[in-house]
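Coordinates in review
Here is what each chain is made of, one letter per residue.
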Amino acid sequence: MHKDRPLKNEGVIDNHLNRIVCRTDFASIEMETELPPHAGDALSVVDMHTGGEPLRIIRGGYPEVKGDGVLSKRRYVREHLDHLRKVLMYEPRGHYDMYGALVVDSELPEADLGVLFMHNEGYSTMCGHAVIALGRYAVDYKLVKEPRSPETQVNIHCPCGLVRAFVEYSHGRTGAVRFLSVPAFAFATGVTVTVEGFGEVTVDISYGGAFYAFVDAQRFGLDVTASRSRDLVDAATAVTSAVKSQVKLHHPTSDDLAFLYGTILTDGKDDYSSEPTANICVFAEAQVDRSPTGSGVTARVALQYHKGLIQLNQRRTFQSGATGSRFTGKAVEEVECGDFKAVVVEVAGRAFYTGVSCFVQEPDDELTHGFLLK
């Protein structure tokens, strides 16, 4: 992969001089701000959002992440550096629904970067909203050699595999991003599980870089665009708990991928239509995705294709029940993943920058390692 090279519009942290220098081409301003008293290296980040879902990209301050590959690096940070995930994801620097990405080296020669995803519970294997944001970031922060118009390809090595992103690029500016998924497939359909408080519930399980359970929100008397978030979270969390305890998942290529990431409640509009279909994803430790969920859209398209509800290259629009933001998705190619008939899915959306920050820790701060309000 290409090493992270400085961009003219950036924050540069000098831990030895306790200062952060911010430069911008757009306003011809240079500021130098001293860092407050702290212990250890400062943690530098770029914050973005995709469809309202945050992404905190970690640029500096992390120790070396050891491992021969991206999956082994994921295991390493979980076992040895998890305290830093909590520092950046939890309050007082983050919040319950914060999401992060740590750029790492990839063992794949064709990859421009590797990435580890993190959230309130741990580390995921795929994140579509993050891939959309990272596509822009990789071009803007010079992680690809030569941007090209009208699109620049960025190969992002996620724990689930290589994901190819294509970033709109014109006159030095980045725009919308689309990506081609890893092989996505329906794992099981019409599975009945016993859900605490709701009795027997029928779900579908599909994989889009991570496994999700899908169920129509109307089964719980809910509407994904109008019901209270708390009620949607409670229903989805109950389904996730039931599926985890009653259904054994497996993935053809790695046991590290064989876990249920969350539950996606839908509006039930799975038949092909030019009108948007809405869903809301509750993942990890009851974390609510503000976007339509890129890997969830991937899994939902694979599920609809498996059921014969859509055809190759029939584009659908997916709307977030939380914010109303939209992604598009379509199956573009039939492939195989072990014994599963799978598809490659194209997902498209937009990401935006929200800021650049530098976080520090003081040794006598009892809350420096972070906390969550549940």
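Relevant structure appears above.
Residues numbered from 1 in each chain as written. Predicted model: local features only at pLDDT ≥ 70, side-chain atom pairs only at ≥ 80, totals over all residues. Heavy atoms only, no water.

Side note on the pattern of salt bridges
Test applied: Throughout this description, the term salt bridge denotes a Lys or Arg side-chain nitrogen within 4 Å of a carboxyl oxygen of Asp or Glu. Whether a residue is buried, partly exposed or exposed follows from its accessible area with a 1.4 Å probe, protein chains only, as a fraction of its type maximum: under 20%, in between, or over 50%, in that order. Helix numbering and strand numbering both begin at the N terminus, where a helix is a DSSP run of H or I of at least 4 residues and a strand a DSSP run of E of at least 2.
Going through the model one piece at a time under the given rule, you end up with 13 salt bridges. Residue Asp231 pairs with Arg228 through a salt bridge whose shortest N-O separation is 3.0 Å. Look at Asp231 and you get partly exposed, because its relative accessible area is 28%. The class for Arg228 is exposed, based on a relative accessible area of 55%. Arg230 is the partner of Asp234 in a salt bridge, and the nearest nitrogen-oxygen pair spans 3.1 Å. Taken as a pair, Asp234 and Arg230 lie in helix H4 (residues 229-246) at a separation of four residues, close to a single helical turn. Exposure remark for Asp234: the relative accessible area of 39% places this residue in the partly exposed category.

Description of unusual backbone geometry
Omega for the peptide link from Glu91 to Pro92 comes to 10 degrees, which places this bond in the cis form. Topologically, Pro92 is positioned in the loop between helix H2 (82-89) and strand S6 (100-104). Of note, the amide linkage connecting Ser149 to Pro150 takes the cis form, showing an omega dihedral of 5 degrees. You can see Pro150 is positioned in the loop between helix H3 (128-140) and strand S8 (151-158). A positive phi angle is found at His171, which is not glycine, with a value near 55 degrees. By the element assignment, His171 lies in the loop between strand S9 (161-170) and strand S10 (173-180). With phi around 50 degrees, Ala284 is a residue other than glycine that occupies positive phi space. Locating Ala284 in the fold gives a position in the loop between strand S15 (277-283) and strand S16 (287-288). Here Ala284 falls in the buried class, since its relative accessible area comes to 12%.

Observations concerning the pairing of strand S12 (residues 199-207)
Rules: At least two bridges found by DSSP between two strands are what make those strands a pair.
In this structure, strand S11 (residues 185-195) lies alongside S12, joined through eight bridges in antiparallel fashion. Within S12, the residue paired with Phe185 across the bridge is Tyr207. Pairing of S12 with strand S13 (residues 211-216), which is carried by four bridges, proceeds in the antiparallel orientation. Within S13, the residue paired with Asp204 across the bridge is Phe214. Between S12 and S13, which follow one another and run antiparallel, lie three residues, and Gly209 among them has a positive phi close to 105 degrees.

Thoughts on the nonpolar core
For clarity, the cut-off: Only buried residues count toward a nonpolar core, which is a set of Ala, Val, Leu, Ile, Met, Phe, Trp, Tyr and Cys residues joined through side-chain atoms within 4.5 Å. Contact definition: two residues touch when any of their heavy atoms are within 4.5 Å.
Core analysis: the largest hydrophobic core is formed by 94 residues, its most contacted members being Phe117 and Leu265. Apart from residues no more than four positions distant in its own chain, Leu265 is found in contact with Val215, Ala217, Phe220, Val224, Leu232, Ala235, Ala236, Ala278, Asn279 and Ile280. In this structure, Leu43, Tyr76, Leu84 and Leu88 belong to the second largest nonpolar core, which totals 23 residues.

Re empty space enclosed by the protein
The cut-off we apply is this: Cavity: a set of points on a 1 Å grid over the protein atoms alone where a 1.4 Å probe fits but cannot get out. Pocket: an open set with protein on both sides within 12 Å along at least five of seven lines, its lining residues, like those of a cavity, having an atom within 4 Å of a point. Grid points are joined across faces, edges and corners, and a volume is the space filled by probe spheres set on the points. All residues other than Ala, Val, Leu, Ile, Met, Phe, Trp, Tyr, Cys, Pro, Asp, Glu, Lys and Arg, Gly among them, are scored as polar; the first ten of these are nonpolar and the last four charged.
Counting across every chain of the model gives two cavities of 30 Å³ or more. As a volume, the largest cavity reaches approximately 80 Å³. Lining the largest cavity are 14 residues, and of these Cys127, His129, Asp289, Thr293 and Ser295 lie nearest its centre. Residue assignment for the lining of the largest cavity shows that the elements contributing at least two residues are H3 and helix H5 (294-306). A breakdown of the residues in the lining of the largest cavity according to their chemical character gives six nonpolar, six polar and two charged.

With respect to H3
Counted only if it meets this: In this scheme, a helix's expected span is set at 1.5 Å multiplied by one less than its residue total.
Taking 1.5 Å of rise per residue, the 13 residues of H3 would be expected to cover 18 Å, and the 19 Å separating its terminal C-alpha atoms lies within 8% of that figure. With 13 of 13 residues buried, H3 lies mostly within the body of the structure.

Examining the packing of aromatic side chains
We apply this condition: What counts as a ring pair is set by centres within 6.5 Å for rings of Phe, Tyr and Trp (its six-membered ring), and what kind of pair is set by the plane angle: stacked under 30 degrees, edge-to-face over 60, tilted for all other angles.
Going through the model one piece at a time under the given rule, you end up with 13 aromatic pairs. Measuring from ring centre to ring centre gives 5.5 Å for Phe187 and Phe211, while their planes differ by 80 degrees; the resulting arrangement is edge-to-face. With Phe187 in strand S11 and Phe211 in strand S13, this residue pair connects regions lying 24 residues apart in the sequence. Residue Phe187 shares its accessibility class with Phe211, and that shared class is buried. Summarising the aromatic geometry, the rings of Phe198 and Phe220 are spaced 4.8 Å apart at their centres and angled 75 degrees between planes, so their arrangement reads as edge-to-face. On the criterion of sequence distance, the pair formed by Phe198 in the loop between S11 and S12 and Phe220 in the loop between S13 and H4 is long-range, its members being 22 residues apart.

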